[in-house]
Amino acid sequence: MTTLGQMELSRRTLLKGGGGLVLYFAISPRRLPAQEAPGPTAEPQQLPGSLSDSPFLDSWIRIESDGSITVFTGKAELGQGIRTALTQIAAEQLRVEFSRIELVTADTARTPDEGYTAGSQSMQHSGTAILHAAAYLRRMMIGFAAEALGVSANDLKVEDGVVVSSAGDKRSYGQLVSGRSLHVTVPDQAGFFDPENYTVMGQSLPRVDIPAKLTGQQSYVHDLKLDGMVHARVVRPAKPSARLANLDTSEVEKMPGVLRVVRDGNYLGVIAEGEFQAIKAMQALQSAAQWEGGASLPADADIYEHLMRLPAVSTVVHGPETPTSPPGGARIVEATYTRPYQMHGSIGPSCAVGHFQNGQLTIWSHTQGVYPDRTAIAEMTNMDEQAVRVIHMEGAGCYGHNGADDAAADAALLARALPGRPVRVQWMRDHEHQWEPYGSAMVVKVQGSVLVTGEITSWNYEVWSNPHTTRPGPAGNLLPAQLISGAFQPEAPTNIPLPAGGADRNAVPGYSIANARVVEHFIAEMPLRTSALRSLGAYMNVFALESFMDELAFAASVDPVEFRLARLEDPRARDVVTTAADAFGWNDWARRPGHGRGFAYARYKNLAAYCAVALELDVDRATGRIRIGRAVAACDSGHAVNPDGIRNQIEGGLVQSASWTLFEQVRFDGDGIQSADWAGYPIMRFPSVPETVGVHVIDRPGEPFLGTGEASQGPAAAAIANAVADAIGVRIRDLPLQPERVRTAMQV
Amino acid sequence: MIGLRVNGNRFETESDPETPLLYVLRNEMQLNGAKFGCGLGQCGSCTVLVDNRPVFSCLTPIAMLAEREITTLEGLGSIDNPGPVQRAFIEEQAAQCGYCIPGMIMRAHALLSENSAPDEAIIREALEPSLCRCGTHMRILRAVHRASKGLQEQASAAGESNR
Ligand code: FES
Ligand code: FES
């Protein structure tokens, strides 16, 4: 048999065959005219998406001889609808019924290692890998069928997993794979794509996971029930870095149902037969434990000065080494923007189930990264990685690095203390609020200038931030590993470099601005533990940058939308801006007192989805309360596999960002974190959500997938801030835009 | 021993009478619909109906519930035959992670059984105790409007055929 690696066909070659749905060249090189057989490539090409790390076809797709098809992804369903979208891609490219495909998600024993499900990269990584793998597999099947039937591939088409010749001869995928190995490398340019004729990709298919979730089927790791399963709860220190000085566990051990009190250094937990028994034992342990010492936190009001005094690594990440001075005659604008710590605040506190038996540890977790989590847990428990299996099951939406991995580590420690019985641990609300890693507090200072002609003559932007990723991989990044005796130390955090960026994500303007200069001050020391929260630094940077664009537009007396369009060259960027503005009715908007409109745009990471937001709101003069009315977003995610899924993400991101922007701030003082529940950390409730949210998806068939999940966070925040400034005539630069702050601003 | 009536079935539990209903539903009766979110009455994820009124099952001890009529998400319909409110939520694709949605559905169901044609403000007020972190609010509102429309159509159809 010819090796498949040699069967490479270039896309150009394939397209020469014409644009029909099922025109294929024979897959075997001997059927190709000599001059079209691929020559040796000078350099090995980087394979698309996650194929670059997992190039084997059978890592992604398996077909059994009974015709059943399983697709594997190392990414996890997080409520973003990835299960449905990835299945659509496979179904389209394989030309099989959507419902026939089984999709297996992140499991260290079964799926490829795709790192973290983060950064809105599932479609770019996994989607692209599956697109190419499935397209290649279909070509292989046609090639096999051509040989089996002795006909030309041009004579064959696929109907729901069956290759059919024009004479009506058939071979099913199941028959064709029988006795053959799919353990072959997927070549670059593996497929033949004809987006004009897609019937599954591009459709807003209903999400496959929703009916089960809405009728109470087992859908989340929280719902997992295993034979003999017992329940655990943890007790955390009184405040970060406090030491467990004294504890008598004898009373707790006698409580009904209690099976084990687990104590290891400053780590404390309890396992009981029943869940409520575990909660009562946890409460008893909490009152019995005496803690001493612990980090002394500054007051939350002083955090920005505190952060700016800490050692920082300062780098000019964009533009000239030295700042450009504003020329004479230009209007100079200076602004300082702040953003407090904000939390993921998952509605379901973190949960995991661990089972330790015969030296094997299995963890069911809503982690975003089963492989890195496995590495960390193996290191923490001093086990061989091969003896640890981490299986993803859904949790409540996480929006980044929340308590999931730490809860998985809890399950590991607790299950090891009670071998043979599956142990389910769930955090209480205060654990989630007080111990999840937060989105970093940040400061941005900008100085810019503009001429009356509207020309921007200088732009000097500086951002101060704590880390935006302290995810496990190293055990020291797991909270429980920091608490056990022989504590693991957290790894020295690093910043994610541009172009994606971490602290500086979206700090570089997407506009053409001569001599724009961007400096990042990366502060590694964390007064409060921080990590990835949906969109990382982009939320703050887009808030600041797009607020500042409005400030400059105002100084130059130019309409903010016009001001943006004047320095946007990318036609796709211009498209989302004009689509959002037109859909909102920007140009014939009617002003009335207390009413404002705001606009903002960003391309997420300057390389993923494009998103623009226009909205209007009312500010109540007496209370300072902001009420968002109509919000409109436009988005370009490249080829839209499931437009309604994109709308859901953009709309959800916009509403979530509105909650961050209007309400959210982690409260703390010398005694620790004071935001211990939803009363201490209010988020948006129904009466405050926008009146309407409309999302316009600009589809780009055939274009690469662009990550969408975090695209609207930044633009929504800036559009709100801009609309508030428009409504009250005063700019508020400190988040959140709470009523008190709005009232104070109006008095000035 | 405490006897509970859940979704029309009788269930006896030997759990401590102060155990909140939520844990009995989830762990003893394998009813996953009601979720733990805060245990404090702040988020509504655990909402079930007791005598048709929404309550926080995370705060309600089973001792208070003997012989009361308890309805959970599972009592409204099944995956093969979802109830009208569930169906409206599915049709509107009103979920992201979906964790908060069972509580939303229970609250919407309670509202619509009292008032089949609530306006937007009334719906928002009724759902106020329930938090959603994914920002699915707009879809949830659309789903409740859709369910309400369905109920009114049903009622008018029934009215026609009774005539
Ligand atoms: S879990 Fe009952 S109100 Fe939050
Ligand atoms: S859909 Fe995730 S919390 Fe509401």
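Values in this document were obtained by computation on a predicted structure and should not be read as measured data. (Residues numbered from 1 in each chain as written. Chains lettered and ligands numbered in written order. Predicted model: local features only at pLDDT ≥ 70, side-chain atom pairs only at ≥ 80, totals over all residues. Heavy atoms only, no water.)

(A) Molecular detail of the sheet that holds strand S3 (residues 101-104) of chain A. Residues and elements named next belong to chain A. One open sheet accounts for 3 strands, arranged S1-S2-S3; its pairing is mixed. In the strand order of this sheet, the two ends are held by strand S1 (61-63) and S3, each with one partner. Direction aside, the axes of adjacent strands within the sheet are offset by 20 degrees on average. As defined by bridge partners, S1 adjoins strand S2 (residues 69-72) across 3 bridges and the pair is classed as antiparallel. Across the sheet, residue Arg62 finds its bridge partner in S2, namely Thr70. (Pairing = 2+ DSSP bridges. Helix = DSSP H or I, 4+ residues; strand = E, 2+ residues; numbered from the N terminus. Axes fitted to C-alpha atoms, helices over the stretch in contact; angles between N-to-C directions.)

(B) How the structure looks around the packing of helix H2 (residues 84-91) of chain B against helix H3 (residues 101-114) of chain B. All names here are of chain B. In the contact formed by H2 and H3, the axes pass within 9 Å of each other and the chain directions differ by 125 degrees. Relative to H3, the element H2 lies oblique. Our pair here, H2 against H3, has a crossing hand that is right-handed. In this structure, H2 contributes Val85, Gln86 and Phe89 to the contact, and H3 contributes Ile101, Met104, Ile105, Ala108, His109 and Leu112. When the residues that make up the contact of H2 with H3 are grouped by side-chain class, the tally is 7 nonpolar, 2 polar and no charged. (Parallel < 35°, antiparallel > 145°, perpendicular 65-115°, else oblique. Left-handed = near helix turned anticlockwise from the far one by under 90°. Contact = heavy atoms within 4.5 Å. Nonpolar A, V, L, I, M, F, W, Y, C, P; charged D, E, K, R; others polar.)

(C) Region of interest: the packing of H3 of chain B against helix H4 (residues 120-127) of chain B. Residues and elements named next belong to chain B. Here H3 crosses H4 at 130 degrees, and the two axes come no closer than 9 Å. Our classification of the angle between H3 and H4 gives oblique. Crossing geometry of H3 relative to H4 is assigned as right-handed. Contact residues: H3 offers Met104, Arg107, Ala108 and Leu111, while H4 offers Ile122, Ile123, Ala126 and Leu127.

(D) Up close: helix H8 (residues 275-288) of chain A. For H8 of chain A, which comprises 14 residues, the first-to-last C-alpha distance of 20 Å matches the rise-based estimate of 20 Å (1.5 Å per residue) to within 8%. Listed in full, the buried residues belonging to H8 of chain A are Glu275, Phe276, Ala278, Ile279, Ala281, Met282 and Leu285 of chain A. (Expected span 1.5 Å × (residues − 1). Buried < 20%, exposed > 50% of the residue type's maximum accessible area, 1.4 Å probe, protein only.)

(E) View of the pairing of strand S4 (residues 156-159) of chain A. Residue and element names in this part refer to chain A. The alternating pattern of S4 places Leu156 and Val158 on a buried face and Lys157 and Glu159 on a face that is not buried. With 4 bridges connecting them, S4 and strand S5 (residues 162-165) associate as antiparallel partners. Within S5, the residue paired with Val158 across the bridge is Val163. Between S4 and S5, which pair antiparallel in sequence order, lie 2 residues; one of them, Asp160, sits at a positive phi of approximately 45 degrees.

(F) Inspection of the pattern of salt bridges at higher detail. Here the structure, examined in full by the defined rule, presents 47 salt bridges over all chains. Close ionic contact of Glu251 of chain A with Lys254 of chain A constitutes a salt bridge, the shortest N to O distance being 3.2 Å. In this structure, the salt-bridge partner of Arg667 of chain A is Asp300 of chain A, at a minimum N-O distance of 3.8 Å. In this pair, Arg667 of chain A is assigned in the loop between helix H17 (643-663) and strand S24 (668-669) and Asp300 of chain A in the loop between strand S11 (290-292) and helix H9 (303-309), connecting sequence segments 367 residues apart. You can call Asp300 of chain A buried: its relative accessible area is 14%. Via salt bridges that share partners, Asp644, Arg647 and Glu651 of chain A together with Glu91, Glu92, Arg139, Arg142 and Arg146 of chain B belong to a single interconnected network. (Salt bridge = Lys/Arg side-chain N within 4 Å of Asp/Glu carboxyl O.)

(G) Fine view of the side chain of Arg603 of chain A. Residue and element names in this part refer to chain A. One can find Arg603 in strand S21 (residues 595-603). Summary of buried charges: Arg603 has no salt-bridge partner, and the nearest side chain of opposite charge, Asp570, is 4.2 Å away. Among the polar contacts made by the side chain of Arg603, one reaches the side chain of Tyr610 at a distance of 3.1 Å. Residues in contact with Arg603, not counting those within four places in the same chain, are Asn506, Asp570, Ala608, Ala609, Tyr610 and Leu706. (Lys, Arg positive; Asp, Glu negative; His and termini not counted. Polar contact = N/O pair within 3.5 Å; in protein donor to acceptor, adjacent residues only side chain to side chain.)

(H) How the structure looks around the packing of aromatic side chains. All names here are of chain A. Under the defined criterion, the tally for this structure stands at 9 aromatic pairs over all chains. Residues Tyr341 and Phe668 carry aromatic rings whose centres are separated by 5.7 Å and whose planes lie at 70 degrees to one another, so their mutual orientation is edge-to-face. Residue Tyr341 is found in the loop between strand S13 (331-339) and strand S14 (351-357), and its partner Phe668 is found in strand S24; the two are separated by 327 residues along the sequence. Given a relative accessible area of 3%, Phe668 falls into the buried group. For the pair Tyr511 and Tyr601, a centre-to-centre distance of 6.2 Å together with 65 degrees between the ring planes defines the contact as edge-to-face. Taken together, the positions of Tyr511 in the loop between helix H13 (479-483) and strand S20 (517-522) and Tyr601 in strand S21 put the pair 90 residues apart, joining distant regions of the chain. The exposure class of Tyr511 is buried, given its relative accessible area of 7%. Directly above the aromatic system of Phe144 lies the positively charged group of Arg180, at a separation of 3.7 Å from the ring centroid. The ring of Phe584 is capped by Arg630, whose NZ or CZ atom sits 4.4 Å from the centre of that ring. (Phe/Tyr/Trp six-rings, centres within 6.5 Å; stacked < 30°, edge-to-face > 60°. Lys NZ or Arg CZ within 6 Å of the ring centre and 35° of its normal.)

(I) Representation of unusual backbone geometry within the structure. Residues and elements named next belong to chain A. With an omega of 10 degrees, the peptide bond running from Leu498 to Pro499 counts as cis. Residue placement: Pro499 occurs in the loop between H13 and S20. With an omega dihedral of -5 degrees, the bond running from Leu735 to Pro736 counts as a cis peptide bond. Mapped onto the elements, Pro736 comes out in the loop between helix H18 (713-728) and helix H19 (739-747).

(J) Region of interest: the sheet that holds S4 of chain A. Residue and element names in this part refer to chain A. Reading across the sheet, the 3 strands line up as S4-S5-S6 and stay open at both edges, with antiparallel pairing between neighbours. The open sheet terminates on both sides in strands that have one partner only, identified here as S4 and strand S6 (170-172). Neighbour to neighbour, the strand axes of the sheet diverge by 25 degrees on average, direction disregarded. For S5 and S6, the ladder comprises 3 bridges, and the chain directions are antiparallel. In the strand pairing of S6, Val162 is matched with Ser172. This element, helix H4 (residues 122-149), spans S4, S5 and S6 of the sheet and lies at about 125 degrees to S4.

(K) Structural detail: the domain arrangement of chain A. Residues and elements named next belong to chain A. With domains assigned, chain A is organised as domain 1 (11-201), domain 2 (221-293 + 344-435) and domain 3 (305-341 + 438-468 + 503-747). Computed from C-alpha atoms alone, the centre-to-centre distance between domain 2 and domain 3 is 37 Å. Contacts between the two partners involve 14 residues from domain 2, matched on the other side by 16 residues from domain 3. Together, the buried faces of domain 2 and domain 3 total about 1300 Å²; carbon and sulfur atoms form 52% of this surface. (Domains from an automatic or database assignment. Buried area = accessible area lost by both parts, 1.4 Å probe.)

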